[in-house]
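Tertiary structure, described
Below, each chain spelled out in residue letters.
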Amino acid sequence: MNSKNKKNKKDPEVKPPFRGIGGNFIIIFILVTAIFYLYEYFNVRGNVENIPYSKFITLVNEGKIKEVSISESKITGEFKDLMAGKSHYFITIPVKDEHLIDLLKSKNIVFQGEVAPSFWGNLLSWIFLFYILSLLWSLFSRKMPSGMQGLFSLTKSKAKVFVEKDIKTTFNDVAGIEDAKDELKEIVQFLSDPKQFTRLGGRAPKGVLLVGPPGTGKTLLARALAGEAKVLFFSINGSEFVELYVGLGAARVRDMFEQARKAAPCILFIDEIDALGKSRTGHVGLGANDEKEQTLNQLLAEMDGFDASTGVIILAATNRPEVLDPALIRSGRFDRQILLHNPDQIGREQILKVHVKKIKTSPQLDLEKVASITSGFSGADLANLVNEAAIVATRRGSNQVEEADFSLAMERIVAGPEHKKKYMNADEKKRIAYHELGHATVSLSLKVQEKVHKVSIIPRGMGALGYTIQRPIEDRYLTVQEDIYKKISVLMGGRACEKIFFNNFSTGAADDLAKATNIARAMVTQYGMSEKVGLAIYDEQPSPFLNGPYQQFVTRPKSEMTSQLIDQEVQSILDNCFKHSYQVLEMNKRFIDQEVEQLLKYETLNETEISNAWREYGV
Ligand code: ADP
Ligand code: MG
Ligand code: ZN
């Protein structure tokens, strides 16, 4: 850390955020008091019995009254015990009775006068009034047409940017995503000493986009980066920019960048940027859309408007990268993207290790085992699991958390209504492992243009139970017929492998088959690759340059016979590829069995692991 950083820490110009918190506090306070007094009020009233004056006198004579207060319009008081009536208290309308006081004295009953209305009643009505006023206020200030803004300028543009310094989170709190940390280390270096970093003229990335499913630690990683670099951390949620008033979002963006620039070196973090950076070409709506567009344009302009040497690094996170405006991710803006995945076996173990530090565990606790039953869990799920396990152990009265507590907590989370997670039994896992290795093996054996990059049986997203990632060896602009056959064969590999090792099929291949069918159909109707159908084109892709919502797939008219022929040809391509796939897998049973074992153990296999094994066992 250099001296510039130190100076910044004491920089008085950076104001802490206060809006939000202050306003909410008052409203919550009012609500709580109102509820409290309402409760008291009705509770007391509910316990009050209305009795006639005559009965009151009888009760006094019988000594069943404890104390009374007397006002002009009513006499209230307390029964001595519940036997006298169902309630604690009573109320009665007084008649003119000169002997009452003497009677009360003779029975030794405490009595007092009372000024109506009561103190509590008064207070209550005040609080009520105040509460209703504040409700009205908040309704008004939200729904107001823009012309009236001036009147209520109090609620206007105070960007809810949170500024923090001395963040305690470090990379040690983030586990299981070593690649991501490695990439960010460079930025730590830059932030702690910009001069040294740029001495050869290289420039640091301007923006880094963290992409990954919810709970994979994006927000955590951003904070950790600030903690490591020991710089100020400005954070704002993308949804904060989406305001009803036109122009306010853009003003917030401008404001935020200005603050950040003054405080450099620092990190500016926009969480859930998809709320703001949605593709502009989408649906055309009314006002709200205009506003979004303005805000986004402002963000783009601000990002272009400064160079990285100012020492501001912009970090953003999203779990929906597909909706982001392409302009945001082009180079010069968020030009670096870091992908975060749900952790694999080893990753989960490391994340668990971080989180169990906060609880008291039994020395026999085997985190490897816990990790092995939690496939599909995100980092956030694991943090939650550790907490639940601690609660289970506490309830059990134990003074340390044991493995059984984790199992119980696990069941609660998996079976619980809010946390439905994919929970795969051993049989399913095994089938998925064979399926995925089917894809990988065919790919390796046919030496397709793509390398097997990763095989995994960690469920991902809604549909996929496992996945095989292939990466292209080089950029390709043309695909020859043979490669297309290979591609379809690889897609068939999953199903063929299930057939070989289980002698039946599962629903797991539906997606593969859909893709394969599309490709086969395209061969026949778009690329003229079927001899029987010939060179005539029946389907046409819309132009890639005019991609818009109105572009449609063009299908040319064709005779009944041609349609049949096309279907037959598609069918035969798929059949042939399946057979080919099947043969390849039959030859490689040894390799597959071997790797399935590894896959079940570690859940992911990377490129080197697979290619090493292939060199040894592959045919
Ligand atoms: P995201 O922003 O990706 O949705 P968060 O960063 O908010 O996820 O993660 C929520 C919590 O889950 C974190 O505060 C942390 O306790 C836990 N967590 C998530 N990922 C990790 C990880 N890789 N290592 C340690 N803890 C993690
Ligand atoms: Mg987050
Ligand atoms: Zn598949």
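These notes cover the structure that comes with them. (Residues numbered from 1 in each chain as written. Chains lettered and ligands numbered in written order. Predicted model: local features only at pLDDT ≥ 70, side-chain atom pairs only at ≥ 80, totals over all residues. Heavy atoms only, no water.)

**Things to note about the overall build of the protein**
Across its full length, the protein holds 22 helices and 16 strands. Accessible surface, the protein as shown: approximately 35200 Å² in total, 55% of it carbon and sulfur. (Helix = DSSP H or I, 4+ residues; strand = E, 2+ residues; numbered from the N terminus. Areas by Shrake-Rupley, 256 points an atom, 1.4 Å probe, with all protein chains shown as cover.)

**Here we look at a nonpolar patch on the surface**
Residues Trp126, Phe128, Leu129, Ile132, Leu133 and Leu136 make up a contiguous nonpolar surface patch of roughly 620 Å² in combined accessible area. Of note, Trp126 is situated in helix α5 (residues 119-143). For Trp126, a relative accessible area of 59% puts it in the exposed group. (Patch = residues over 30% accessible without salt bridge, like charges linked within 9 Å, V, L, I, M, F, W, Y side chains within 5 Å. Salt bridge = Lys/Arg side-chain N within 4 Å of Asp/Glu carboxyl O. Buried < 20%, exposed > 50% of the residue type's maximum accessible area, 1.4 Å probe, protein only.)

**Here's the deal with the packing of helix α17 (residues 426-445) against helix α20 (residues 560-587)**
Packing of α17 against α20 brings their axes to within 9 Å, and their N-to-C directions diverge by 90°. Classified by the angle between their axes, α17 and α20 sit roughly perpendicular to one another. Contacts between α17 and α20 involve Gly438, Thr441, Val442 and Ser445 from the former and Ser581, Val584 and Leu585 from the latter. (Axes fitted to C-alpha atoms, helices over the stretch in contact; angles between N-to-C directions. Parallel < 35°, antiparallel > 145°, perpendicular 65-115°, else oblique. Contact = heavy atoms within 4.5 Å.)

**Structural notes on the sheet that holds strand β4 (residues 89-92)**
Pairing is mixed in the open sheet, where five strands are placed in the order β1-β4-β3-β2-β5. Strand pairing shows two members of the sheet lacking a second neighbour, β1 (48-50) and β5 (110-113), which therefore form its edges. Sheet twist, expressed as the average angle between the axes of neighbouring strands with direction ignored, equals 20°. Of the strand pairs in this sheet, β1 and β4 are connected by three bridges, and their pairing is parallel. Note on β4: the bridge partner recorded for Glu49 is Phe90. (Pairing = 2+ DSSP bridges.)

**Re the coordination of the zinc ion (ligand 3)**
Coordination of the zinc ion (ligand 3) by the protein is provided by His435 (NE2), His439 (NE2) and Asp512 (OD), with metal-donor distances spanning 2.0 to 2.1 Å. Binding-site remark: the zinc ion (ligand 3) is held by donors from one chain whose sequence spacing is H-x3-H-x72-D. On the criterion of helical spacing, the pair formed by His435 and His439 is a turn pair, its members being four residues apart in helix α17. (Donors = N, O, S within 2.8 Å, 3.2 Å for Na, K, Ca; no water.)

**So, the packing of aromatic side chains**
In this description, an aromatic ring pair is defined by two values, namely the gap between the centres and the angle between the planes. Applying the stated criterion across every chain yields a total of nine aromatic pairs. Following the ring pairs from residue to residue traces out a cluster consisting of Tyr53, Phe56, Phe79 and Phe90. Between Arg431 and the ring centre of Phe502, over which it is positioned, the NZ or CZ distance is 4.6 Å. Over the ring of Phe505 we find Arg495; its NZ or CZ atom is 3.7 Å from the centre of that ring. (Phe/Tyr/Trp six-rings, centres within 6.5 Å; stacked < 30°, edge-to-face > 60°. Lys NZ or Arg CZ within 6 Å of the ring centre and 35° of its normal.)

**A short note on the packing of α17 against helix α18 (residues 481-502)**
Taken N-terminus to C-terminus, the directions of α17 and α18 make an angle of 130°; their axes are 7 Å apart at the nearest point. Between α17 and α18, the interaxial angle falls into the category oblique. The chirality of how α17 crosses α18 is right-handed. Counted together, Lys430, Arg431, Tyr434, His435, Gly438, His439, Val442 and Ser443 of α17 and Ser489, Val490, Leu491, Gly493, Gly494, Arg495, Cys497, Glu498, Phe501 and Phe502 of α18 form the full contact between these two elements. (Left-handed = near helix turned anticlockwise from the far one by under 90°.)

**Here's the deal with the site of ligand 1**
Neighbouring ligand 1 are 16 residues; Ala175, Gly215, Lys218, Thr219 and His355 lie closest to it. In the model, an oxygen atom of ligand 1 is placed 2.8 Å from a nitrogen or oxygen of the Gly215 main chain. Between Gly217 and ligand 1, the recorded distance is 3.1 Å, taken from a backbone N or O atom to an oxygen atom. Out of a free accessible area of 560 Å², ligand 1 has 78% covered by protein chains. Looking at the shell around ligand 1, the elements with two or more residues in it are α8 (218-229), α13 (345-356) and α15 (379-396). Taken together, the residues of the shell around ligand 1 break down into eight nonpolar, six polar and two charged. (Near = heavy atom within 4 Å. Polar contact = N/O pair within 3.5 Å; in protein donor to acceptor, adjacent residues only side chain to side chain. Nonpolar A, V, L, I, M, F, W, Y, C, P; charged D, E, K, R; others polar.)

**Structural notes on the nonpolar core**
Counting residues in hydrophobic clusters, the biggest one holds 43 residues, and the most contacted among them are Ile488 and Ile592. Among the secondary structure elements, those contributing two or more residues to this core are α17, β12 (450-456), α18, α19 (510-525), α20, α21 (589-602) and α22 (607-617). For Ile488, the residues in contact, after removing those within four places along its chain, are Ala516, Ile519, Ala520, Met523, Ile573, Leu574 and Cys577. (Core = buried A, V, L, I, M, F, W, Y, C linked by side-chain atoms within 4.5 Å.)

**A short note on the environment of Pro557**
As for its placement among the helices and strands, Pro557 is situated in the loop between β15 (554-555) and α20. For Pro557, a relative accessible area of 77% corresponds to the exposed category. Sequence spacing of Pro557 and Tyr538 is 19 residues, and the spatial spacing of their C-alpha atoms is 7.4 Å.

**Side note on the pattern of salt bridges**
Enumeration according to the criterion identifies 19 salt bridges in this entry. The salt bridge involving Lys181 is made with Glu178; its shortest N-O contact spans 3.6 Å. In this pair, Lys181 and Glu178 both sit in helix α6 (residues 178-192), three residues apart, roughly one turn of the helix. Judged by relative accessible area, which is 8%, Lys181 ranks as buried. Among the residues examined, Glu178 registers a relative accessible area of 35% and is labelled partly exposed. For Glu482, the salt bridge goes to Lys486, with nearest N and O atoms at 3.9 Å. Separated by four residues within a single helix, Glu482 and Lys486 lie in helix α18, roughly one turn from each other. Taken together, the shared-partner salt bridges in this structure form one network comprising Arg348, Lys429 and Glu603.

**Some details on the sheet that holds strand β9 (residues 266-271)**
With mixed pairing, the six strands of this open sheet are ordered in space as β6-β8-β9-β10-β7-β11. Of all strands in the sheet, those with a lone pairing partner are β6 (162-164) and β11 (336-339), marking the two edges. Neighbour-to-neighbour, the strand axes of the sheet open up by a mean angle of 20°, direction not taken into account. Pairing analysis gives three bridges linking β6 to strand β8 (residues 232-237), with the strands arranged antiparallel. Counterpart to Val163 in the pairing with β8 is Phe234. In this fold α6 packs onto β7 (207-211), β9, β10 (312-318) and β11, with an angle of close to 140° to the strand it touches most, β11. Its contacts with the sheet place α8 against β6, β7, β8, β9 and β10, and it is angled at close to 170° to β9.

**Quick look at the pairing of strand β2 (residues 65-70)**
Sheet topology places β2 next to strand β3 (residues 75-79); five bridges connect them, and they run antiparallel. If you follow Glu67 over to β3, its bridge partner there is Glu78. With antiparallel pairing between neighbouring strands as the criterion, β2 and β3 make up a hairpin whose turn holds four residues. Pairing analysis gives four bridges linking β2 to β5, with the strands arranged parallel. Bridging across to β5, Ile70 finds its partner in Gly113.

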